[in-house]
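Per-entry structural report
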Amino acid sequence: MPVEESPRWWYALVHVCGRWRYIVFQSPLRLHLQLVCNADTPVKQTLDAWPRAIPIIIEELRSRLPLSGANIISALEHHERVSQIDLDITNTLLKRLNKVMKKPYPVLTHFELISNSKSAPVLRDTFLGGSAPRLETLSLMGISFPALPKWLPFCLNLVVVQLERIPNTGYISPEAMATALSALTKLKVVHIGFESPASRPDPGNRFPSSFTRAVLPALTRLSFKGASEYFEDLVARIDTPVITSLETWFFNQLDFDIPHFLQFISRTQISGSFKQAKLYFQDRRVYIHVGHHDPPGGKKFRIALSITISCHAFDWQVGCLAQICGKISPFLSNVDRLLITTEYFDNVVFSDWKDYVDNPQWLEIFHAFSALQHMRILPKLGGIITSALLELTGERVMDALPMLHHLYLPPPSASTQKAIQPFISSRQRSNHPVTVHLTEMD
């Protein structure tokens, strides 16, 4: 019998007749039967009504969860039956969880805790009896868990580890994090996200004279949000031979010194898939996506590398992006298609684009794309990019974008097309013509 998405799929079947009820309950594990309990479930009465062989799912992601969480606590007391926990909790409830969840949960495979409290709740080192042997997914958001590095090596079946909005009280050093993750040979997905720039490691404890990199043999996706220094220290200590997706989100800073990040990319296979790129300016951040279409020639864009920087002002965004593109330029040398776009700046009049132009920084961005053949510019940025391209005339005509053949300006862009004519003429005279298309790039 097919198992539907909802864990409650079997509820109606057992109420059809006694025979159906008997058949369903004969194979609770093979049919993946699960009992769902939330804050409104009368747990004691409900669990007494069903066979004990049926695992329990405890889920309550509503912000109106009662402070006492009496029904949740009652369900958690059946530690030998709980297979999945998804909770949005308060500090008060977590204190009760720390008390009731000191025993091992032998069948628990999925655990998610979310907190939106101003003061981050703390998981104790006695959580789950110190281990969860069958746990496959661990997701903590806004939760402080200082004992995590000591706890992870006892959860050898973990496949997904998501640590989001790690508070300052839950800071874990890059060295401790890398050591803990290295024990998880089945790990495929890791997300580490800090709440504030205070995630920078202690400068005095960075990089001993020698250390051995840990290998995460199954990891395919790594994402990070925090200070670039932390990420530097982390990736310097790990190898991920089969990784296919790398996402980073850095807090804003004056200088991004990321040599270990670059070395880490070079030790993976993802850099060979960098064929297309997207520069995206948004209200509070700017990012670059690099990847390829999968399958080749298809419409689905698969992101292999994503770098986001938290930054407000547009000129700062351009500066940060120029710095990042310059740093990762060796990995952009095969990119032949580039999209430059934005979805914000409602308070900016882009007809006054001269106030937002820093041509040298735009040229730094262009220098990184030495093999670029197709470039698409969205309307709001047409004047800004045109001004930068006008620097590439006369003797400087081949200083950047030497392989560019096609420039896409969405219609109507007659004024932009006229303004860019000196650049087009210079490329024509240099025998490296560029064709302007008043159309969308495929």
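Details of the structure are given in the entry above.
I will try to describe carefully the structure that is included in this document.

Brief notes about the packing of aromatic side chains
Summed over the entire model, instances satisfying the criterion amount to 19 aromatic pairs. A ring pair is formed by tyrosine 171 and phenylalanine 194, whose centres lie 6.0 Å apart and whose planes are at 40 degrees; its orientation type is tilted. Within this pair, whereas tyrosine 171 is found in the loop between strand E6 (160-166) and helix H6 (174-182), its partner phenylalanine 194 is found in strand E7 (residues 189-194), the two being separated by 23 residues in sequence. Classification of tyrosine 171 as partly exposed rests on a relative accessible area of 30%. Consider the rings of phenylalanine 231 and phenylalanine 250, whose centres lie 6.1 Å apart with planes at 55 degrees: the pair is tilted. With a gap of 19 residues between them, phenylalanine 231 in helix H7 (residues 228-235) and phenylalanine 250 in strand E11 (residues 245-250) connect regions that are remote in the sequence. The class of phenylalanine 231 is buried, set by a relative accessible area of 1%. Phenylalanine 250 sits in the buried class, given a relative accessible area of 0%. Three or more aromatic residues link up through ring pairs in this structure, and these residues are Tyr171, Phe194, Phe224, Tyr230, Phe231, Phe250, Phe256 and Phe261.

Examining the packing of H7 against helix H8 (residues 259-266)
Two measures define how a pair of helices packs: the angle their axes make with one another and the distance between the axes. The interhelical angle for the contact between H7 and H8, taken along N-to-C directions, is 45 degrees, at an axis separation of 8 Å. One way to sum up the angle between H7 and H8 is to call them oblique. Here H7 and H8 pass one another in a crossing that is left-handed. Residue-level contacts link Phe231, Glu232 and Val235 of H7 to Pro259, His260, Phe261 and Phe264 of H8.

Some words on the side chain of asparagine 98
Along the chain, the position of asparagine 98 falls in helix H4 (residues 91-100). Among the polar contacts made by the side chain of asparagine 98, one reaches the main-chain amide nitrogen of arginine 124 at a distance of 3.1 Å. If we ignore the near neighbours within four places in the chain, the residues touching asparagine 98 are Val122, Leu123, Arg124 and Thr126.

Each value, and the rule that gives it
- Residues numbered from 1 in each chain as written.
- Predicted model: local features only at pLDDT ≥ 70, side-chain atom pairs only at ≥ 80, totals over all residues.
- Heavy atoms only, no water.
- Phe/Tyr/Trp six-rings, centres within 6.5 Å; stacked < 30°, edge-to-face > 60°.
- Helix = DSSP H or I, 4+ residues; strand = E, 2+ residues; numbered from the N terminus.
- Buried < 20%, exposed > 50% of the residue type's maximum accessible area, 1.4 Å probe, protein only.
- Axes fitted to C-alpha atoms, helices over the stretch in contact; angles between N-to-C directions.
- Parallel < 35°, antiparallel > 145°, perpendicular 65-115°, else oblique.
- Left-handed = near helix turned anticlockwise from the far one by under 90°.
- Contact = heavy atoms within 4.5 Å.
- Polar contact = N/O pair within 3.5 Å; in protein donor to acceptor, adjacent residues only side chain to side chain.

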